[in-house]
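For reference, the chains in residue letters:
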Amino acid sequence: ASLFQLVLAIAYKLPFVGQLFNQISVTNSKKTEIEYSGHATDYVDRFVQTVGSIPTWHESSKAWATVQMKRHETAQGGIEGITMTLVEDQLGFQGTRNFSQHEKAEIVAALLGSSAYMLVCKHHLESLLFD
């Protein structure tokens, strides 16, 4: 998560500010909300691009990814953890935030089964173990 994302997450916890942000968020999410296509593989390219863009992520986001990779016993465990977090999409950047948990689980499974996604993860995420 970027510094901005972390600040937003904290702001959501504040009583008045959180209510205000939730109202704005609900209004904005209705404008940009997408429905699950019914095919988990439709989302692979989106997440390949997201992970592929790690070199351009804000330093705090890279630091978050490094911590996530190092807290798992294996690179695969770190990749799975980061993938679940990205698909959970708490701040709505991937368009999957409002999907059901079942739909999100299908997307995670499709990503972890995708050779293209795993290749970009191995390239950009495994190297974080050695930072």
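See above for the structure.
Residues numbered from 1 in each chain as written. Predicted model: local features only at pLDDT ≥ 70, side-chain atom pairs only at ≥ 80, totals over all residues. Heavy atoms only, no water.

This brings us to unusual backbone geometry. The phi torsion at D89 lies on the positive side, around 55 degrees, for a residue other than glycine. As for its placement among the helices and strands, D89 is situated in the loop between α5 (75-88) and α6 (101-112). (Helix = DSSP H or I, 4+ residues; strand = E, 2+ residues; numbered from the N terminus.)

With that settled, the discussion passes to the packing of α5 against helix α7 (residues 115-124). Across the interface, α5 lies against α7 with an axial gap of 11 Å and an inter-helix angle of 115 degrees. Taken as axis vectors, α5 and α7 run roughly perpendicular relative to one another. Pair α5 / α7 crosses with right-handed handedness. Along its contact with α5, which presents Q76, I79, T83 and L86, the element α7 presents Y117, M118, C121 and K122. In terms of residue class, the contact of α5 with α7 is built from 5 nonpolar, 2 polar and 1 charged. (Axes fitted to C-alpha atoms, helices over the stretch in contact; angles between N-to-C directions. Parallel < 35°, antiparallel > 145°, perpendicular 65-115°, else oblique. Left-handed = near helix turned anticlockwise from the far one by under 90°. Contact = heavy atoms within 4.5 Å. Nonpolar A, V, L, I, M, F, W, Y, C, P; charged D, E, K, R; others polar.)

Right, let's get into the packing of aromatic side chains. The final tally for this structure, using the stated rule, is 3 aromatic pairs. Centre to centre, the rings of Y36 and Y43 are 5.7 Å apart; their planes meet at 10 degrees, and the pair counts as stacked. Of the two residues, Y36 and Y43, neither departs from the other in class, the shared state being buried. Joined through ring pairs, the aromatic side chains of Y36, Y43 and F99 make up one cluster. (Phe/Tyr/Trp six-rings, centres within 6.5 Å; stacked < 30°, edge-to-face > 60°. Buried < 20%, exposed > 50% of the residue type's maximum accessible area, 1.4 Å probe, protein only.)

Okay, helix α3 (residues 44-52) next. Listed in full, the buried residues belonging to α3 are V44, F47, T50 and V51. Burial along α3 is one-sided: seen end-on, the buried residues are contained in an arc of 125 degrees. Structural note: α3 exposes D45 and Q49 on the side pointing more than 90 degrees away from its buried face. Elements that come into contact with the buried residues of α3 comprise α5, α6 and α7. (Arc of directions from axis to C-beta.)

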